[in-house]
Amino acid sequence: MRVVHHVEVRGRAGEGPATWGQSAIRRALAALEPLDHQFNLVWGGPLDEPVPTEAATAVVRALVERHDSLRTRVHPQGDGFAQELCGAGTVEVVEERVPDVADVAARGARLRGELWGRAFDYPAELPVRAGLVTVDGAVHHTVLVVAHTALDGWGLPVLDGDLTALAAGAALPDVEAWTPLDEAAWQTSDEGQRHDAAARARTLRTMRAAPAQVFAPRLAEKPDGGPRYRQTVLRSRRLGPAAERVAARWRTSTSGVLLAASCRALAAAAGRDDLALQVMVSNRFRRELAEAVVTTAMEGLVHVEGLDAPFDEVGTRVWRAAMTAYRSAYYDKDRLQAEAAADPSTAHDGTCWYNDRRGTGPDRTLRARPTRSRRLARADASDEQGGVTLTLHLVDAPDGGIDVVLTADTSRLDDAAAERVVRDLERCVLDASRAGSPGGTVTRR
């Protein structure tokens, strides 16, 4: 039996221009309609101890009232977007009542897929919905789905911590991070406008230096009438520890090591020694955004040459390029695209994407699913990928380790090439971790 609760929430109200992140993700989602649901963020699962239904809905209410982004709707306004913080609204909480605990897991999985698989009405609907599977009035399984306009993956740990604390009845400190309206106010200030201009200028310079095409077309059309996109996933328990050993020797982060290995593997697959890569940047190294529940992650363009050099040298080159990209990955994307469109010299290949999502939890939406006995898995992917050549994601594996997830256009990379990329990435880091220390320190200049 299903019961739909409409949980009333309240809080402060306001309106203002959309943030750079809100505008960028809203345009990206529009390009994917009607399959934009695939970027909904979803988590939850079985509870260690059942709780009353009323307690679970109270936690949902408290969470939405705590974070303004969960009560913020994004509206079209002229050629752009505006945000509306709702002082009052309702959140849909779907309760599935099952007769026996043995039915909970299957019903929870179906409810998760259903709630995740429905796109949000961004101008009209609060960007959050929840699901509960109950037995005799007690919640055994939960689902929470948030629209990408309200949150990016790096905000999930904050929400998860708040959910845990609220469920335990703990008092939470006041939120000190920027809200979406706070962020928009800074972005439209003189300081924010100066930052935006400098970030766009650096990005335009990188565009002018980047290659016009990274992966040449393999075939004019989809091979044998097959899918346009395929997903290849390699599950590795050794990759993380190996990256830590290399990072210690280089005196850098595991993120830098894995990005360097990814750049090298992709360039080799493309048959070239340079690469242009769109790298997702959390932007949470900014103090006001460190604990922010907002959508503020944006892409930075990394351009690296000399990727066929020894890996220690590659690490230095990628680190320098990445630092420029990270500094430049917080900007008004609409203005950047308008400037790039007016300047033919900025034409470049921006279709290869990279996202290191470790620390945000496993990706439960993967189509290709490795197992303990089969580390590499493949599956067809949705054709609606926004026209990218490839996306390479690093995510937490469900039972530990790292999933290297490559979704690629089959007219540019076939299954064999995709497998080479993920295996070369792993092999590069493993080999470097076994190498001696001479010459192994990344020099930062």
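To keep things clear, this report deals only with the structure shown in the data block. Not measured: the values here are computed from a predicted model.

Conventions adopted
- Residues numbered from 1 in each chain as written.
- Predicted model: local features only at pLDDT ≥ 70, side-chain atom pairs only at ≥ 80, totals over all residues.
- Heavy atoms only, no water.
- Phe/Tyr/Trp six-rings, centres within 6.5 Å; stacked < 30°, edge-to-face > 60°.
- Helix = DSSP H or I, 4+ residues; strand = E, 2+ residues; numbered from the N terminus.
- Buried < 20%, exposed > 50% of the residue type's maximum accessible area, 1.4 Å probe, protein only.
- Pairing = 2+ DSSP bridges.
- Salt bridge = Lys/Arg side-chain N within 4 Å of Asp/Glu carboxyl O.
- Axes fitted to C-alpha atoms, helices over the stretch in contact; angles between N-to-C directions.
- Contact = heavy atoms within 4.5 Å.
- Parallel < 35°, antiparallel > 145°, perpendicular 65-115°, else oblique.
- Left-handed = near helix turned anticlockwise from the far one by under 90°.
- Nonpolar A, V, L, I, M, F, W, Y, C, P; charged D, E, K, R; others polar.
- Expected span 1.5 Å × (residues − 1).

### Here we look at the packing of aromatic side chains
Part 1: What the rule picks out here adds up to 5 aromatic pairs.
Part 2: Centroid distance W20 to Y330: 5.0 Å. Interplanar angle 70°. Geometry classified as edge-to-face. Note that W20 is positioned in helix α1 (residues 20-32) and Y330 in the loop between α9 (311-327) and α10 (333-341), a separation of 310 residues in sequence. Take W20 and Y330: they sit in the same class, and that class is buried.
Part 3: Looking at Y330, the relative accessible area reads 1%, which means it is buried.
Part 4: Members of the aromatic cluster, each reached through a chain of ring pairs, are W20, W178, W186 and Y330.

### Topic: the pairing of strand β7 (residues 128-135)
Part 1: Summarising burial for β7: 8 of the 8 residues are buried, a large majority.
Part 2: Alternating positions in β7 separate into two faces, V128, A130, L132 and T134 on one and R129, G131, V133 and V135 on the other, with burial throughout.
Part 3: As judged from the 6 bridges shared by strand β6 (residues 88-97) and β7, these two strands associate in the parallel manner. Counted as the bridge partner of E96 is V133 from β7.

### Some remarks on the pattern of salt bridges
Part 1: Here the structure, examined in full by the defined rule, presents 34 salt bridges.
Part 2: Measuring nitrogen to oxygen at the nearest pair gives 3.5 Å for the salt bridge that ties D196 to R335. Of this pair, D196 sits in helix α6 (residues 190-209) while R335 is found in helix α10, placing the two residues 139 residues apart along the sequence.
Part 3: Judged by relative accessible area, which is 0%, D196 ranks as buried.
Part 4: Of the charged contacts, one joins R427 and D424 as a salt bridge, the two residues approaching to 2.7 Å between their closest N and O atoms. Highlighted residues: R427 and D424, both in helix α11 (residues 415-434), separated by 3 residues, approximately one helical turn.
Part 5: Its relative accessible area of 42% is what places R427 among the partly exposed residues.
Part 6: Salt bridges sharing common partners tie together R2, E96, R107 and E114.

### Some remarks on the sheet that holds strand β2 (residues 14-17)
Part 1: If you trace the 3 strands from one edge of the open sheet to the other, you get β2-β5-β4, paired in antiparallel fashion. Edge positions in the open sheet fall to β2 and β4 (72-77), since each of these has one partner strand only. The sheet shows a mean angle of 25° between the axes of neighbouring strands, taken without regard to direction.
Part 2: Contacting β4 and β5 (80-85), α1 crosses the sheet at an angle of about 115° to β5.

### Some words on the packing of helix α2 (residues 53-66) against helix α4 (residues 156-167)
Part 1: For the pair α2 and α4, interaxial distance at closest approach is 10 Å and the crossing angle is 135°. Put simply, α2 runs oblique to α4. Judged by the twist between their axes, the crossing of α2 over α4 is right-handed. Only L159, D162, L163, L166 and A167 of α4 make contact with α2, whose side of the interface consists of V59, A62, L63 and R66.
Part 2: Among the residues forming the contact of α2 with α4, the class breakdown is 7 nonpolar, no polar and 2 charged.

### Concerning the environment of E49
Part 1: Mapped onto the elements of the fold, E49 is located in strand β3 (residues 41-52).
Part 2: Sequence separation between E49 and H140 is 91 residues, and the spatial gap between their C-alpha atoms is 7.3 Å.

### As for the pairing of strand β11 (residues 298-304)
A regular strand places its side chains on the two faces of the sheet in alternate fashion.
Part 1: In terms of burial, β11 is largely enclosed, as 7 of its 7 residues are buried.
Part 2: Relative to β11, strand β10 (residues 275-281) runs antiparallel, the two being bridged by 7 bridges. Residue pairing for β11: V279 is matched across the bridge by G300.

### With respect to helix α5 (residues 180-187)
Part 1: Across the 8 residues that make up α5, a large majority, 6, are buried.
Part 2: Considered for burial, the residues of α5 that qualify are P180, L181, E183, A184, W186 and Q187.
Part 3: Buried-residue contacts for α5 involve β2, α1, β4, β5 and α6.

### Here we look at the packing of helix α7 (residues 239-250) against α11
Part 1: The interhelical angle for the contact between α7 and α11, taken along N-to-C directions, is 50°, at an axis separation of 8 Å. With respect to each other, α7 and α11 are oriented oblique. At the point where α7 passes α11, the crossing takes the left-handed sense. Contacts between α7 and α11 involve L239, A242, A243, R245, V246 and R249 from the first element and L425, E426, V429, L430, A432 and S433 from the second.

### Some words on α6
Part 1: Given a rise of 1.5 Å per residue, 20 residues ought to cover 28 Å, and the 29 Å separating the end C-alpha atoms of α6 matches this to within 8%.
Part 2: When we look at burial in α6, the residues that qualify are G192, H195, D196, A199, R200, R202, T203, L204, T206 and M207.

### Topic: the sheet that holds β7
Part 1: Across the sheet, which stays open at both edges, the 5 strands sit in the order β1-β6-β7-β8-β3 with mixed pairing between neighbours. Unpaired on one side and paired on the other, β1 (2-10) and β3 mark the two borders of the sheet. For this sheet the average axis-to-axis angle between neighbouring strands, irrespective of direction, equals 25°.
Part 2: Of the strands in this sheet, β1, β3, β6, β7 and β8 (138-146) are in contact with α2, which crosses β1 at around 40°.
Part 3: Sitting on the sheet, α4 is in contact with β3 and β8, with an inclination near 15° to β3.

### With respect to unusual backbone geometry
Part 1: Cis geometry is found at the peptide bond from E33 to P34, where omega equals 5°.
Part 2: Along the chain, P34 falls in the loop between α1 and β3.
Part 3: Positioned with a positive phi, D136 is a non-glycine residue whose angle comes to about 55°.
Part 4: Among the secondary structure elements, D136 is positioned in the loop between β7 and β8.
Part 5: On the accessibility criterion, D136 (77% relative accessible area) is exposed.
Part 6: Unlike most non-glycine residues, N283 shows phi in positive territory, near 65°.

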